[in-house]
Amino acid sequence: MTTVAEPVTAPASLAGPRRRALRRLLRNPLAMTGLVVVLVAVLAALLADLVAPYPAARTDFSAALQPPSGRHWFGTDELGRDQFSRVLFGLRASVTVGLAAVGLSMAVGVPLGLLAGFYRVLDPFVSRLVDTMLAFPFLILAVGLAAIRGASLVTAVVAIGVAEIPLVVRVTRGETLRLREMDYVSAAVASGASDGVLLRRHILPNAVNALIVQATVTIPAAIIGEAVLSFLGLGVRPPTPSLGVMLASAQPLFRDGPWMVVFPGLAIVLLTLAFNLLGDGLRDALDPRESHR
Amino acid sequence: MRRYLLRRLLESVVTLILVTMVVFAGVRALPGDQVRALAGEEADPAALEQLRHEYGLDQPIPVQYARYVAKAFSGDLGTSARTGLPVADTIRHALPVTLQLSAFAVVIAVLIGLTTGVLAAVRRRTAAEWAANTVALLGLSVPNFWFGLMAVLIFAIAFPVLPASGFVSVFDNPVESFRHLLMPAVVLGSGLAAVIMRQCRSAMLEALGADYVRTARAKGLGGAQVVLGHALRNSLIVVTTIVGLQLGVLISGAVVTEQIFVLPGFGKLTIDAVFTRDYPLIQGVVLVTATAYIGLNLLVDLLYSVIDPRVRVGGAVAQ
């Protein structure tokens, strides 16, 4: 063991690589565009009460089904509600579900992945568990949950979060398997580090990059997932504004108010596109070798 | 090879058993008493007990589970709480719609994905590559249910060239079936097409830089022959895997697509079952989907080992 002589610090604890990655990210125009759109959307969602021109639930039957205009940028629905305001409030549901679902999948998936990758004995059990979860397509899982718990925002978060757990487990497990063979981990073992210290101090910090990339793929998927579930009536229920709920109520009014279909959908596309661009940029920045292959 | 097959088969069986346990436990987790729901609120305790006995609900849980599995695998999935028809029959009627839709969607996705993927790899740094990449990024970012709504808006309402809803079986009237399924299939296949395009492009780029392609060129083979005969052939392995990995996405997508285009398939059945709280039907639908999904994944893995000999050799060595 010649490696014992070398310093026993995990590379990720150095600030250098992270700062270089940040610089690479800042120089990527597409990723920066994505970041700006994401920030604007998150701010709009947070401050919807302040920035929305009308309260989300205010009906005005004298102004029902109006096409987009200076007064109502995105038009109004059959109850005369301002669609622009409702899109802003809808973003709140999208962002909430997106972040909460990813948080849930990470909270469960990361420990499972670490354990499966670190302890060979546990691996078969975790792998079978993951296979069982993967045997339920996301929507079928959501259907089951909605049947048991009823449709709600929480149901949507749980359905999407649980559906993402297997992917998080796989990524974490793969990283753990790779990292535990590294020389610096062997060195830490030789110097008497306990399993807990190995996992917390040496393996997890170095798996973070892969998890960040995974999260940027998962968040847009979760946002679309929320819209789909709410559209089908399995997620957020009216009158709570959600982009999916808006599209569902727009479907029967195709002929009279096509704008009701266009704008909530564009909002979803813009938001997911922005997250995807940011995610691509982050992947390039954090792992330049991987992306140029 | 045989050991690899056996191991995959065994894994699938274990997963399937776990799935039946989850479905069985899921029904037990439902709010409310099933027997009371069947008998009505007015039923007296003796009648409830009688029903409980008839349905075997007074037996220990493991016995109930064993009975449930035995019945399910002999094709008895119970009767729909709403229509009173056998769940298995209800599913059997809906399935052809979904199968035709999904098959059509996969064909469209593979056709579009492969052509644009090859094009983007061969015509590097041209407008064609840029266009293909943009379309792929849009395909990944545009949720297919919104794409579906927009397609209806454009092709059925603004310019009425295609029907907005309804289903005609390909076996009854191929032309009308094509007209009815074209829009739903393109919508369902769009996301898959984008994924295939991206994977095909990178696999092609790698293949085109490989030694055997250079050898083929050095032998004097023409451009098309090298691209299609050598590079594309190897890229197909990747495409098979992707289609396999995306099956779950396809199943979920079918549910949404059927809802938008009002197709009386498996997906619409599923959503309707949730809204009418038809628990036996939900249970059946979930079990059938999960079983089909496990079976299809196994099939893709086997297909994969046929296409790529390295997989089965690797699998055997790993043992």
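An account of the accompanying structure is given in this report. (Residues numbered from 1 in each chain as written. Chains lettered and ligands numbered in written order. Predicted model: local features only at pLDDT ≥ 70, side-chain atom pairs only at ≥ 80, totals over all residues. Heavy atoms only, no water.)

**Side note on the overall build of chain B**
Part 1 of the argument: Helix and strand counts for chain B come out as 14 helices and zero strands.
Part 2 of the argument: Each helix and strand of chain B, placed in order from N terminus to C terminus, yields the pattern α-α-α-α-α-α-α-α-α-α-α-α-α-α.
Part 3 of the argument: By residue count, 43% of the 319 residues in chain B fall in the buried class.
Part 4 of the argument: Pairs at least 24 residues apart make up 72% of the contacts formed inside chain B by residues separated by at least 6 positions.
Part 5 of the argument: A total accessible area of about 16300 Å² is found for chain B, and carbon and sulfur atoms account for 66% of it. (Helix = DSSP H or I, 4+ residues; strand = E, 2+ residues; numbered from the N terminus. Buried < 20%, exposed > 50% of the residue type's maximum accessible area, 1.4 Å probe, protein only. Contact = heavy atoms within 4.5 Å. Areas by Shrake-Rupley, 256 points an atom, 1.4 Å probe, with all protein chains shown as cover.)

**Notes on the environment of Ala222(A)**
Residue and element names in this part refer to chain A.
Part 1 of the argument: By the secondary structure assignment, alanine 222 is in helix α9 (residues 195-232).
Part 2 of the argument: C-alpha separation for the pair alanine 222 and proline 264, spaced 42 residues apart in sequence, amounts to 16 Å.
Part 3 of the argument: In this view, alanine 222 contacts Val97, Gly98, Ala101 and Ile160; residues no more than four positions away in its chain are not counted.

**Some points on the interface of chain A and chain B**
Part 1 of the argument: Every contact between the two is made by 37 residues of chain A and, on the other side, 43 residues of chain B.
Part 2 of the argument: Between chain A and chain B the total buried area reaches about 3500 Å² when both faces are included, carbon and sulfur atoms providing 80% of it.
Part 3 of the argument: Our count for the chain A to chain B interface comes out at one salt bridge.
Part 4 of the argument: Across the pair Glu11(B) and Arg128(A) runs a salt bridge whose closest N-O atoms are separated by 3.7 Å.
Part 5 of the argument: For the side of chain A that touches chain B, the secondary structure elements donating two or more residues are α5 (123-134), α6 (138-149), α9 and α11 (259-286) of chain A.
Part 6 of the argument: The dominant element in the side of chain A that touches chain B, judged by the number of residues it contributes, is α11(A), at 11 residues.
Part 7 of the argument: When grouped by side-chain class, the residues that make up the side of chain A that touches chain B number 27 nonpolar, six polar and four charged. (Buried area = accessible area lost by both parts, 1.4 Å probe. Salt bridge = Lys/Arg side-chain N within 4 Å of Asp/Glu carboxyl O. Nonpolar A, V, L, I, M, F, W, Y, C, P; charged D, E, K, R; others polar.)

**Brief notes about a positive patch on the surface**
All names here are of chain A.
Part 1 of the argument: Residues Arg19, Arg20, Arg23 and Arg27 make up a contiguous surface patch of positive charge.
Part 2 of the argument: Along the chain, the position of arginine 27 falls in the loop between α1 (15-26) and α2 (29-46).
Part 3 of the argument: On the accessibility criterion, arginine 27 (63% relative accessible area) is exposed. (Patch = residues over 30% accessible without salt bridge, like charges linked within 9 Å, V, L, I, M, F, W, Y side chains within 5 Å. Lys, Arg positive; Asp, Glu negative; His and termini not counted. Charge placed at Lys NZ, Arg CZ, Asp CG, Glu CD.)

**Details of the packing of aromatic side chains**
Part 1 of the argument: Applying the stated criterion across every chain, the model contains seven aromatic pairs over all chains.
Part 2 of the argument: Taken together, a centroid distance of 4.3 Å and an interplanar angle of 5 degrees make the contact between Phe74(A) and Phe263(A) stacked. Highlighted residues: Phe74(A) in the loop between α3 (48-51) and α4 (83-118) and Phe263(A) in helix α11, separated in sequence by 189 residues.
Part 3 of the argument: Since its relative accessible area comes to 18%, Phe74(A) is described here as buried.
Part 4 of the argument: Relative to Tyr65(B), the ring of Phe24(B) lies with its centre 5.3 Å away and its plane at 75 degrees, an arrangement referred to as edge-to-face. (Phe/Tyr/Trp six-rings, centres within 6.5 Å; stacked < 30°, edge-to-face > 60°.)

**Some words on the nonpolar core**
Part 1 of the argument: If you look at the biggest cluster of nonpolar residues, it comprises 142 residues, and the most contacted ones within it are Leu139(A), Leu232(A), Leu234(A) and Phe145(B).
Part 2 of the argument: Per-element tally for this core: the top contributor is α9(A), with 15 residues.
Part 3 of the argument: Excluding residues that lie within four positions of it along the chain, Leu234(A) makes contacts with Leu139(A), Val143(A), Ala146(A), Ala151(A), Ser152(A), Thr155(A), Leu229(A), Ile271(B) and Val274(B).
Part 4 of the argument: The next biggest cluster of nonpolar side chains, apart from the first, holds eight residues, and it includes Ala21(A), Ala31(A), Leu282(A) and Ala285(A). (Core = buried A, V, L, I, M, F, W, Y, C linked by side-chain atoms within 4.5 Å.)

**Here's the deal with the packing of helix α5 (residues 87-122) of chain B against helix α11 (residues 247-260) of chain B**
All names here are of chain B.
Part 1 of the argument: For the pair α5 and α11, interaxial distance at closest approach is 11 Å and the crossing angle is 115 degrees. What the angle tells us is that α5 and α11 run roughly perpendicular. Crossing hand, α5 versus α11: right-handed. Contacts between α5 and α11 involve Thr98, Leu101, Ser102 and Val106 on the former and, on the latter, Leu250, Ala254, Thr257 and Glu258.
Part 2 of the argument: Looking at side-chain class alone, the contact of α5 with α11 contains four nonpolar, three polar and one charged residues. (Axes fitted to C-alpha atoms, helices over the stretch in contact; angles between N-to-C directions. Parallel < 35°, antiparallel > 145°, perpendicular 65-115°, else oblique. Left-handed = near helix turned anticlockwise from the far one by under 90°.)

Don't take any of this as a statement about function, it's just geometry.
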